Amino acid sequence: MGFSGDDEIYSGGSFYTNPSDLGRLYSIVSNVDVYSPACKRARISAPFLFESSGFEQNKRPSIEVLPDECLFEIFRRVPDGKERSSCASVSKKWLMLLSSIRRSEFCNSNPVAEEEKETAAPVCNDVEMVSCEDNGEVESDGYLTRSLEGKKATDMRLAAIAVGTSSRGGLGKLLIRGSNSVRGVTNRGLSAIARGCPSLRALSLWNVPFVGDEGLFEIAKECHLLEKLDLSNCPSISNKCLIAIAENCPNLSSLNIESCSKIGNEGLQAIGKLCPRLHSISIKDCPLLGDHGVSSLLSSASSVLTRVKLQGLNITDFSLAVIGHYGKAVTNLSLSVLQHVSERGFWVMGNAQGLQKLMSLTITSCRGITDVSLEAIAKGSLNLKQMCLRKCCFVSDNGLVAFAKAAGSLESLQLEECNRITQSGIVGALSNCGTKLKALSLVKCMGIKDMALGMPVPSPCSYLRHLSIRNCPGFGSASLAVVGKLCPQLQHVDLSGLCGITDSGILPLLESCEAGLVKVNLSGCMSLTDEVVSALARLHGGTLELLNLDGCRKITDASLVAIAENCLFLSDLDLSKCAVTDSGIAVMSSAEQLNLQVLSLSGCSEVSNKSLPCLQKMGRTLVGLNLQNCSSISSSTVELLVESLWRCDILS
């Protein structure tokens, strides 16, 4: 008799015997690594009994009778690629079983072919575990990368990734940001990754409270190629996992630890002793880490460690002395919120003469930075090129000038919220910085007061190209005029947030710039008028590429006329909240030499629907157009612009 059974709904998995059904399954898994519907149809071929009312059939799938041990033996003999992904698509049970098998435990029918497959480039049409769109797959540094965030970060997805990426050469980088509040990532999911992805080279865990030492133990045991490890806000991870990583992952080159309350000195000591290739370390807000761990790490890894960042740690002067003595390979150093480090610690660090290769130094909110210690650092770091001081309240004009004199290789200086610095200190630093300083940035320095110098202006700083003075309310027209005379070769100027400057202050700067300005940011300078823009266009129209006038409410159509006539290379123009009208837009659209790529008219209430033809004409070169808060432009006009300027991104 040709009867083959009946179709029933089962919670477990089943086989598709119909070729068309199987084809549909393959078409699905070619785009998604695991296809797991709530229920599956099971095709049953089982004995049946005839009775008066018909017949009955044993409805239990025979393969489900097998214990997990038998299924394990079956699955480890399934060929790689679509076959394994198809099995994983049957049910969650099968998926988790497959993800528990280590790659070394799979039986390969042809070891030579398998070896060739491992070394070959990933095949694009192989089955993937989760769709690229959903899972943030990108190729980075030649490695397959997956990113899970928030609700998408679950053990099931990690298991799917572990099974599906094996046919593509294995996962290279995994980033987990946050966790599902109900079914969040646990040790089980991380263990699946460890077993299925021994080629993992970079792992980043951020805010995963349910992952502990057990999951990292598996990573250490299986992923010996691990190079980068990022642990942020992982309260269940302790020193034990760091010791395991150090013992099993000798290729570790970058380690970031942030807000891990159980990680202390022992873990850091093991990393320093057993990871000879470590070149980058970042440690932030770990209360158990102190001098013992930091000094041990730095002294052990001194030969290769090039990047060091320490923030919010309970370390003292001793750690900084170790950095100054053993940091012979350090090129980038960042020290932030070190409350227990005094002036002596920074002074010893500078005078130890070990930071000869240091090129970039950032110091934030450290009370130990004073005029004396700052000068010592400059004398001990002869190759220092970039210096950033943030919230260093004890640095004054004397220390800044002494630092500028001693730092002969300095190319970039940034001062942020250093409120003891005045106009005199800035002028003194510019006139004593040597011949290499190219960039100066002042941000929220409240100690600067606007006053004219009572003495002749010193020799100019001829090499400065970038000047940024932002949100310094005391910096006015007189100060700007002095700086303009000191810096005749400026090309990039950022004066955003300087409400006190007027035309009389900025015009001398524009006239003294000999090289030709390329980028100018005047956002928030509410007192400037069309006279400044006209002078800027006339004097620097042949070089100007970016102009930001956001919030300059006195700028009118007259400025747009000057821009249209003189600016040949302007590509980015921000007119947000300016007093421009339809007439000014029409003038710009008629300028054949103007080739704007980005135009912002946000908050320009006088620009109306009448500008539609002009904006469409300008659209031949535009790639970005901002029409937000333009109350006189209707939604229908915006829709027409979106339709006609299909190459342009429009904000409305």
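Cut-offs applied
Think of each chain on its own: its residues are numbered from 1, step by step along the sequence as written. Local features in this predicted model are restricted to residues whose pLDDT is 70 or higher, and side-chain atom pairs enter the listing and the counts only when it is 80 or higher, whereas totals over whole chains, interfaces and linings include all residues. Note that water and hydrogens are dropped before the side-chain values are worked out from all heavy atoms of the structure. Secondary structure follows DSSP: runs of H or I at least 4 residues long count as helices, runs of E at least 2 residues long count as strands, and numbering of each begins at the N terminus. When accessible area is computed with a 1.4 Å probe and restricted to protein chains, residues below 20% of their type maximum are described as buried, those above 50% as exposed, and intermediate ones as partly exposed. Note on contacts: a residue pair is in contact if any heavy atoms of the two residues lie within 4.5 Å. Two strands form a pair only when DSSP identifies at least two bridges running between them. Seen with its strands pointing away from the viewer, a crossover is right-handed if its path from the first strand over the helix to the second goes clockwise. Salt bridges are identified by distance alone: a Lys or Arg side-chain nitrogen within 4 Å of an Asp or Glu carboxyl oxygen. The convention used is that axes are lines fitted to C-alpha atoms, helices contributing only their stretch in contact, and that angles between N-to-C directions extend from 0 to 180 degrees. By definition in this entry, angles of less than 35 degrees are roughly parallel, angles greater than 145 are roughly antiparallel, angles of 65 to 115 are roughly perpendicular, and the rest are oblique. Amino acids outside the nonpolar list (Ala, Val, Leu, Ile, Met, Phe, Trp, Tyr, Cys, Pro) and the charged list (Asp, Glu, Lys, Arg) are all regarded as polar, and Gly is one of them. Think of a nonpolar core as a cluster: buried Ala, Val, Leu, Ile, Met, Phe, Trp, Tyr and Cys residues, connected wherever their side-chain atoms sit within 4.5 Å.

(A) Structural detail: the overall build of the protein. Along the backbone of the protein there are 24 helices and 25 strands. Counting every position in the protein, which comprises 652 residues, the buried fraction comes to 53%. Here the analysis covers contacts within the protein between residues at least 6 apart in sequence; of these, 81% occur between residues at least 24 apart.

(B) How the structure looks around the environment of alanine 194. Among the secondary structure elements, alanine 194 is positioned in helix α8 (residues 187-196). Assessed through its relative accessible area of 0%, alanine 194 is described here as buried. Once residues lying within four places of it in the same chain are set aside, the contact partners of alanine 194 are Glu218, Ile219, Glu222 and Cys223.

(C) Region of the structure containing the pairing of strand β8 (residues 202-206). Within β8, four of the five residues are buried, which leaves it mostly tucked inside the rest of the structure. In this structure, strand β7 (residues 173-177) lies alongside β8, joined through five bridges in parallel fashion. Bridge assignment links leucine 174 to a residue of β8, and that residue is leucine 203. In terms of handedness, the path from β7 via α8 over to β8 forms a crossover that is right-handed. Bridge analysis of β8 against strand β9 (residues 228-232) gives five bridges, and the strand direction is parallel. Each bridged residue has a counterpart across the sheet, and for alanine 202 the counterpart in β9 is lysine 228. In this fold, the crossover linking β8 to β9 by way of helix α9 (residues 213-222) has right-handed handedness.

(D) Here's a closer look at the pattern of salt bridges. All chains considered together, the criterion is met by seven salt bridges. As a salt-bridge pair, glutamate 411 and lysine 385 come within 3.8 Å of each other at their nearest N and O atoms. One end of the pair, glutamate 411, is in the loop between α16 (397-406) and β16 (412-416); the other, lysine 385, is in the loop between α15 (371-380) and β15 (386-390), and 26 residues separate them in sequence. Judged by its relative accessible area of 26%, glutamate 411 falls in the partly exposed class. Put simply, glutamate 416 and arginine 390 hold a salt bridge, and the shortest N to O gap is 3.2 Å.

(E) Representation of the packing of helix α21 (residues 557-566) against helix α22 (residues 582-590). One can describe the packing of α21 onto α22 by two numbers: an axis separation of 9 Å at closest approach and a directional angle of 0 degrees. On the basis of the axis angle, α21 is roughly parallel to α22. Taken together, the residues of α22 that come into contact with α21 (itself represented by Asp557, Leu560, Val561 and Ala564) are Ser583, Gly584, Ile585, Val587 and Met588. Of the residues belonging to the contact of α21 with α22, the class tally is six nonpolar, two polar and one charged.

(F) View of the environment of isoleucine 563. Here isoleucine 563 shows up in helix α21. In this structure isoleucine 563 comes out as buried when scored by relative accessible area, which is 1%. It is 9.6 Å that separates the C-alpha atoms of isoleucine 563 and valine 587, two residues lying 24 residues apart in sequence. Ignoring anything within four residues of it in the chain, the contact list for isoleucine 563 reads Val533, Ala537, Leu547, Leu570, Leu573 and Leu594.

(G) Representation of α21. Within α21, the full set of buried residues consists of Asp557, Ser559, Leu560, Ala562, Ile563 and Ala564. In this fold, the buried residues of α21 make contact with α20 (530-540), β21 (546-548), β22 (572-574) and α22.

(H) Structural detail: the pairing of strand β17 (residues 439-443). Counting buried residues in β17 gives five out of five residues, a clear majority hidden from the surface. Every second residue of β17 is oriented toward a common face, with Ala439, Ser441 and Val443 on one face and Leu440 and Leu442 on the other, all of them buried. Both β16 and β17 contribute to a ladder of five bridges, which runs parallel. Paired with serine 412 across the strands is alanine 439, a residue of β17.

(I) Local environment of the packing of α9 against helix α10 (residues 239-248). Contact geometry of α9 with α10 gives a least axis separation of 9 Å together with a crossing angle of 0 degrees. When the interaxial angle is binned, α9 and α10 end up roughly parallel. Together, Asp213, Leu216, Phe217, Ile219 and Ala220 of α9 and Lys240, Cys241, Ala244, Ile245 and Asn248 of α10 make up the contact between the two elements. Grouping the amino acids of the contact of α9 with α10 by side-chain chemistry returns seven nonpolar, one polar and two charged.

(J) Quick look at helix α11 (residues 265-274). Of all the 10 residues making up α11, seven are buried; the element is thus mostly covered by neighbouring parts of the structure. Of all the positions in α11, only Asn265, Gly267, Leu268, Gln269, Ala270, Ile271 and Gly272 are classed as buried.

(K) Just unusual backbone geometry, in detail. One non-glycine residue with positive phi stands out, namely lysine 391, at about 55 degrees. The topology assignment puts lysine 391 in the loop between β15 and α16. Even without being a glycine, lysine 444 presents a positive backbone phi close to 55 degrees. For lysine 444, the position within the fold is in the loop between β17 and β18 (466-470).

(L) A look at the nonpolar core. If you look at the biggest cluster of nonpolar residues, it comprises 170 residues, and the most contacted ones within it are Leu205 and Leu599. When residues no more than four places from it in sequence are discounted, the contact partners of leucine 205 are Ile176, Arg177, Leu190, Val211, Leu216, Asp230, Leu231, Ser232, Cys234 and Ile237.

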